Amino acid sequence: GSVTSRSLDARITMVGADKEFQQLIDQMNGLLARLEASFSQASRFSADAAHELKTPLAVIQCTIEQALKQAPADSSEQRVCVAVSDEILRLKSIVNKLLLLAQSDAGRLPLSPIQFVLNEELEQLGEDVPMLAPQVMLEIAAAERIAIAADRALIRQVLQNLFSNAIKYNAEKGWMKCELLRERQQAVVRISNAIDPQQRIDPARLFERFYRGDPAHSRKVDGSGLGLSLAREIARAHGGELAVEGMTETQITFCLRLPLTVQA
């Protein structure tokens, strides 16, 4: 079978192997052992670093909030505090995503599955679109009400990321469409949106960590380049998948597939 980050503990068996292959097998197993140790160490470091950053960021945020309360209205001090507070919130979001990604890499993404109706999550997110992007025409289509057993908070994070990206990278006076249906034993969410033809997006790199489509590196478009990577890991942790289903010069479609029940 193939060797992945989730199967580095696999070893090649020597039962029945010819003597001339035993040395090669020993070397391959030694290589796998070293890779497993290195990957485990890197994963633990990422998780530990993200966890340790949470406390100082919380302290800084509290300090800035106190300073903001004391700053005179419409003063330069107030504007600085607001700007710093925004950056702290952005850092906290990045740290939380890094922690979840590290847990996912280690195969330990914590899931708390419950039964809920997926339509309700999409409807709630759809209610926010006119306020966040009044220029974007939104259509939500659902053939039926579909209940799934999954970690509601994490699935909502996936859907929020897809909706957020559809808004951020939409064309001027563009559109987005969300479709929910049942295919076999899966709930399928397809989210399509218009994109600017001048926007250079590499669909092969969209799920790379820290990748942001040009010109999205501009701070005019907020984001860390971690959202899609984390969203795909969350989908996979549920036994599902997230992928780009189609892309042209003027539109892109993401497809989220989730099992209807918790995977063993």
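Residues numbered from 1 in each chain as written. Predicted model: local features only at pLDDT ≥ 70, side-chain atom pairs only at ≥ 80, totals over all residues. Heavy atoms only, no water.

Enquirer: Please explain the pattern of salt bridges as it appears in this structure.
Expert: It is possible for side chains bearing opposite charge to pair when their charged atoms get close. One pass over the full model with this rule turns up eleven salt bridges. Across the pair Arg-145 and Glu-120 runs a salt bridge whose closest N-O atoms are separated by 3.5 Å. Separated by 25 residues along the polypeptide, Arg-145 in the loop between strand S2 (137–142) and strand S3 (147–151) and Glu-120 in helix H3 (residues 118–132) bring together distant segments of the chain. Of the charged contacts in the structure, one is a salt bridge between Arg-152 and Glu-120, with a shortest N-O distance of 3.5 Å. Of this pair, Arg-152 sits in helix H4 (residues 152–168) while Glu-120 is found in helix H3, placing the two residues 32 residues apart along the sequence. A relative accessible area of 28% means that Arg-152 is categorised as partly exposed. For Glu-120, a relative accessible area of 30% gives the class partly exposed. (Salt bridge = Lys/Arg side-chain N within 4 Å of Asp/Glu carboxyl O. Helix = DSSP H or I, 4+ residues; strand = E, 2+ residues; numbered from the N terminus. Buried < 20%, exposed > 50% of the residue type's maximum accessible area, 1.4 Å probe, protein only.)

Enquirer: How do you make sense of the sheet that holds S2 when you look at a structure like this?
Expert: Picture the strands of a sheet paired through backbone hydrogen bonds; they go either parallel or antiparallel. Here five strands make up an open sheet; going across it, the order is S2-S4-S5-S7-S6 and the pairing mixed. In this open sheet, the two strands that pair with only one neighbour each are S2 and strand S6 (241–247). Averaged over all neighbouring strand pairs, the angle between strand axes comes to 15°, with direction disregarded. As paired elements, S6 and strand S7 (residues 251–259) share six bridges and run antiparallel to each other. (Pairing = 2+ DSSP bridges. Axes fitted to C-alpha atoms, helices over the stretch in contact; angles between N-to-C directions.)

Enquirer: Can you walk me through the pairing of strand S4 (residues 175–183) in this structure?
Expert: Two faces make up the sheet, and in a regular strand the side chains alternate between them. Sheet analysis places S2 next to S4, joined by six bridges and oriented parallel. Within S4, the residue paired with Ile-140 across the bridge is Cys-178. Inspection of the sheet shows S4 paired to strand S5 (residues 186–194) by eight bridges, in the antiparallel sense. Counterpart to Leu-180 in the pairing with S5 is Val-189. Counting the residues in the hairpin turn of S4 and S5 gives two residues, including Arg-184, whose phi is positive at 55°.

Enquirer: What's the story with unusual backbone geometry in this structure? I'm lost.
Expert: Glycine aside, a negative phi is what most residues show, and trans is what most peptide bonds show. Its identity is not glycine, yet Asp-74 carries a phi of approximately 60°, on the positive side. If you trace the backbone, Asp-74 turns up in the loop between helix H1 (19–70) and helix H2 (76–105). Its identity is not glycine, yet Arg-184 carries a phi of approximately 55°, on the positive side. Turning to its location among the elements, Arg-184 is positioned in the loop between S4 and S5.

Enquirer: Would you mind going over the nonpolar core with me for this structure?
Expert: Across soluble globular proteins, nonpolar side chains have a tendency to be buried as a group. Core analysis: the largest hydrophobic core is formed by 45 residues, its most contacted members being Leu-118, Ile-148, Val-189 and Leu-242. Secondary-structure elements contributing two or more residues to this core are H2, H3, S3, H4, S4, S5, helix H5 (227–237) and S7. Top contributing element to this core by residue count: H4, with eight residues. In this view, Leu-242 contacts Leu-162, Phe-207, Leu-228, Ala-231, Arg-232, Ala-235, Phe-254, Cys-255 and Leu-256; residues no more than four positions away in its chain are not counted. (Core = buried A, V, L, I, M, F, W, Y, C linked by side-chain atoms within 4.5 Å. Contact = heavy atoms within 4.5 Å.)

Enquirer: Help me understand the confidence of the model for the chain in this model?
Expert: Any region with low pLDDT has predicted coordinates that should not be read closely. Chain-level statistics for the chain give a pLDDT mean of 83 and a share of 80% at 70 or above. Here residues 215–220 is modelled with pLDDT under 50, and outside its nearest four sequence neighbours on either side it reaches seven contacts, counting other chains as well. (pLDDT = per-residue confidence, 0-100.)

Enquirer: Could you clarify how one ought to interpret the packing of H3 against H4 in this entry?
Expert: Two quantities define a packed helix pair, namely the angle between the helix axes and the distance between the axes. At a minimum axis distance of 10 Å, the contact between H3 and H4 shows a crossing angle of 35°. Judged by the twist between their axes, the crossing of H3 over H4 is right-handed. Together, Leu-118, Glu-120, Glu-121, Leu-122, Gln-124, Leu-125, Gly-126, Val-129 and Leu-132 of H3 and Arg-152, Ile-155, Arg-156, Leu-159, Gln-160, Phe-163 and Ile-167 of H4 make up the contact between the two elements. Residues of the contact of H3 with H4, tallied by class, amount to nine nonpolar, three polar and four charged. (Left-handed = near helix turned anticlockwise from the far one by under 90°. Nonpolar A, V, L, I, M, F, W, Y, C, P; charged D, E, K, R; others polar.)

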